[in-house]
Amino acid sequence: MADRNQDRNKDGEKKKKESIFDLSKYIDKQIRVKFQGGREASGVLKGFDPLLNLVLDSTIEYLRDPDDQFKLTEDTRQLGLVVCRGTSVVLICPQDGMEAIPNPFIQQQDG
């Protein structure tokens, strides 16, 4: 059985969980977000928290094809300032491209 105290620091306090990636470098930059259920939106990232709740400004939603819910159309709708619930966020990427990062879950082997 796993040691229940491994999530605590030396003072017995619960350790704060660290986020795998840091969104602070994307503050005030255009990002694109995909959500559970297939919705997509882009906007300027104004804030976030450890649960990946996002605040986006000048947000645009990309509307889906009514006949095929997984296909986006050229139609958009202006949403303005929105709060995106972190539990529904599937993907976050910068609007100007993507950046490869090493997999944080794989143990690095010494060559």
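Residues numbered from 1 in each chain as written. Predicted model: local features only at pLDDT ≥ 70, side-chain atom pairs only at ≥ 80, totals over all residues. Heavy atoms only, no water.

Where an unreviewed UniProt entry is consulted, the protein chain appears under the name U6 snRNA-associated Sm-like protein LSm7, with the organism given as Esox lucius. The UniProt entry for the protein chain carries the following text under Subcellular location (unreviewed entry): "Nucleus". Taken verbatim from the UniProt record of the protein chain, the Function (unreviewed entry) comment is "Plays a role in pre-mRNA splicing as component of the U4/U6-U5 tri-snRNP complex that is involved in spliceosome assembly, and as component of the precatalytic spliceosome (spliceosome B complex). The heptameric LSM2-8 complex binds specifically to the 3'-terminal U-tract of U6 snRNA." (UniProt positions renumbered as here; feature names shortened; annotations may be inferred.)

## Some points on the overall build of the protein chain
Helix and strand content of the protein chain: 0 helices and 5 strands. Ordered by position from N to C terminus, the α and β elements of the protein chain give β-β-β-β-β. The buried share of the protein chain, taken over its 111 residues, is 23%. Contacts in the protein chain between residues at least 24 apart in sequence constitute 42% of all its contacts with a sequence separation of at least 6. (Helix = DSSP H or I, 4+ residues; strand = E, 2+ residues; numbered from the N terminus. Buried < 20%, exposed > 50% of the residue type's maximum accessible area, 1.4 Å probe, protein only. Contact = heavy atoms within 4.5 Å.)

## Some remarks on the sheet that holds strand β1 (residues 30-35)
Across the sheet, 5 strands lie side by side as β4-β3-β2-β1-β5; this open sheet has antiparallel pairing. The open sheet has two free edges, formed respectively by β4 (72-84) and β5 (89-94), since each of these has just one partner strand. The sheet shows a mean angle of 30 degrees between the axes of neighbouring strands, taken without regard to direction. The pairing of β1 with strand β2 (residues 40-48) spans 5 bridges and is antiparallel. (Pairing = 2+ DSSP bridges. Axes fitted to C-alpha atoms, helices over the stretch in contact; angles between N-to-C directions.)

## Regarding the nonpolar core
Ranked by size, the top nonpolar core spans 12 residues in total: Leu 23, Tyr 26, Ile 31, Val 33, Phe 35, Ala 41, Leu 45, Leu 54, Leu 56, Val 82, Cys 84 and Val 89. Put simply, the parts of the chain that give this core at least two residues each are β1, β2, β3 (54-64) and β4. Of all the elements, β1 adds the most residues to this core, at 3 residues. In this view, Phe 35 contacts Glu 40, Ala 41, Cys 84, Ser 88, Val 89 and Val 90; residues no more than four positions away in its chain are not counted. (Core = buried A, V, L, I, M, F, W, Y, C linked by side-chain atoms within 4.5 Å.)

## Quick notes on unusual backbone geometry
Phi is positive for Asp 28, which is not a glycine, with a value near 65 degrees. Along the polypeptide, Asp 28 turns up in the segment before β1.

## Quick look at the pattern of salt bridges
One pass over the structure, following the stated rule, counts 5 salt bridges. For Lys 34, the salt bridge is made with Glu 40, and the minimal N-O distance between the two is 3.7 Å. Look at the salt bridges and you will find they share partners, linking Arg 32, Lys 34 and Glu 40 into a network. (Salt bridge = Lys/Arg side-chain N within 4 Å of Asp/Glu carboxyl O.)

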